[in-house]
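Residue-level structural notes
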Amino acid sequence: MGAPENFFDVLGKWNITILNVLFIALSFLMVFFGALMALMEAKLPIGVKQFFRYGKHAYNSKKKNKLMSSLEVPKSWFSHFYIFALIFSWFSLFLVVQVTLFGKALPKYMETFLDYVAGGQSRKVLIDSNACLITMTLMCLQCSRRFYETNFVQIFSKKNKINVGHYFVGYLHYFGAILAVMANAEGFSRESSSSEVNFSKISLVQYFAIGLFLFSWWYQYQSNIILVNLRTDGKTGRVATEKHLLPKGGFFELVSSPHMLFEIGLYVALLVGFLSQSITWWLVVFWVISNQVYNAVCTQSWYKETFKNYPKHRKAIIPFIL
């Protein structure tokens, strides 16, 4: 067992870790194929277009790739990885509370696992106990709300499909992002112990970050509710249609995908306030931005093609800019 540990230790010193490689790979695939789709979609194989497009801007031509079609699952399966995110985030928060508030040692199995995915025994302490506890609490808040939305509120079209690759990316995202919070925190790195949690030490920048997170959290929910209401009967609340309709109100008056804008806001808030020393979290944020921007731009194009009276002032994802 000594050789693998030494191998991961060496890679960890160069920040070549499983978590970092995961988010670099996801970002690269998104940027590379996103650029291909934007610049030369018409020349790409049907399978590539069918794989990359889903939801309202899915590839809908009658001529489809049989292999890609066989790998598609209902879009409603998005709810599955939020079940995973709910369980994993609350389990992780339990560990964080045990370590930071009660001073208990991190279980050996978790220490070994973090070594494996986050750099071996060379993992450095980059996140103090205050930041770790607050960040994991906020991540739990987000995962819990998204679990509630996708399982009890959101209305998925029975016809919409996603590639199984998109489905598994959802699991990888929350698995990696939650581990990234703990990987370099006090009490979670080898030979480190948790410092005293003292909320009086929260800085003005951190208060701003918490405010930005909660603002993004709430208005992402409100934006999703607007989308849900488009498909329900206003009097009974029952599903009236599964069609994609033109959203109005709230931040939809400024951008086509405010829920995607606020997704970026959540992760940027944690970066600014608590995790700016973590290279892994920088990679998480870059992945989130590349993913959300690409999907927002595709959504904007679909809206403009579908609704001839689509508001000209409405940008894709960043008000007045993009």
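Below you will find a few notes about this structure. Just so you know, these numbers come straight off a predicted model, no measurement behind them.

What counts and how
Residues numbered from 1 in each chain as written. Predicted model: local features only at pLDDT ≥ 70, side-chain atom pairs only at ≥ 80, totals over all residues. Heavy atoms only, no water. Helix = DSSP H or I, 4+ residues; strand = E, 2+ residues; numbered from the N terminus. Rg over C-alpha atoms; globule rule 2.2 N^0.38 Å. Buried < 20%, exposed > 50% of the residue type's maximum accessible area, 1.4 Å probe, protein only. Contact = heavy atoms within 4.5 Å. Areas by Shrake-Rupley, 256 points an atom, 1.4 Å probe, with all protein chains shown as cover. Lys, Arg positive; Asp, Glu negative; His and termini not counted. Charge placed at Lys NZ, Arg CZ, Asp CG, Glu CD. Phe/Tyr/Trp six-rings, centres within 6.5 Å; stacked < 30°, edge-to-face > 60°. 1 Å grid on protein atoms, 1.4 Å probe; cavity = no way out; pocket = protein on both sides within 12 Å on 5 of 7 lines; lining within 4 Å. Points joined across faces, edges and corners; volume = space filled by probe spheres on them.

1. Things to note about the overall build of the protein
Within the protein one finds 11 helices and two strands. Tracing the protein from N to C terminus, the helices and strands come up as α-α-α-α-β-α-α-α-β-α-α-α-α. Relative to its length of 322 residues, the protein is compact, with a C-alpha radius of gyration of 21 Å against a globular reference of 20 Å. Oriented by its inertia axes, the alpha-carbon framework of the protein measures out at about 60 × 45 × 35 Å. Scored against the burial criterion, the 322 residues of the protein give a buried share of 49%. Contacts spanning at least 24 positions in sequence make up 78% of the contacts within the protein whose residues lie at least 6 apart. Total accessible area computed for the protein in this model is approximately 16500 Å², and 66% of it derives from carbon and sulfur atoms. Side-chain charges in the protein split into 31 positive and 16 negative, and the spacing between the mean points of these groups amounts to 15 Å.

2. Here we look at the packing of aromatic side chains
A full pass over the atoms with the stated rule returns 28 aromatic pairs. A centroid spacing of 5.3 Å and a plane angle of 70° characterise the contact between Y167 and F168, whose relative ring orientation is edge-to-face. The class for Y167 is buried, based on a relative accessible area of 8%. Arranged with centres 6.2 Å apart and planes meeting at 85°, the rings of F215 and F251 form a pair that is edge-to-face. Note that F215 is positioned in helix α9 (residues 204-229) and F251 in the loop between α9 and α10 (258-273), a separation of 36 residues in sequence. On the accessibility criterion, F251 (25% relative accessible area) is partly exposed. Put simply, the rings of W77, F78, F81, Y82, F84, F88, F113, Y167, F168, Y171, Y174 and F175 pair up and form one aromatic cluster.

3. Observations regarding the layout of surface pockets
By volume, the largest pocket is sized at about 1200 Å³. For the largest pocket, the lining is made up of 47 residues, of which Y54, K75, F78, M260 and N295 are closest to its centre. When residues of the lining of the largest pocket are traced back to their parent elements, those giving at least two are α2 (18-40), α3 (46-52), α5 (78-100), α7 (129-153), α8 (164-183), α9, α10 and α11 (279-306). Residue contributions to the lining of the largest pocket peak at eight residues, all from α11.

4. A word on empty space enclosed by the protein
In total, this model carries one cavity of 30 Å³ or more according to the counting rule given. If you add up the space inside the largest cavity, you get close to 40 Å³. Taken together, R146, E149, V153, Q154, Y221, N224, I225 and V228 make up the full set of residues lining the largest cavity. Going through the elements one at a time, α7 and α9 are the ones with two or more residues in the lining of the largest cavity. Per-element accounting of the lining of the largest cavity gives the leading share, four residues, to α9.

5. Examining the environment of Y109
Within the secondary structure layout, Y109 lies in helix α6 (residues 108-118). Spatially, the C-alpha atoms of Y109 and A183 are 14 Å apart, while their sequence positions differ by 74 residues. Once residues lying within four places of it in the same chain are set aside, the contact partners of Y109 are F91 and L95.

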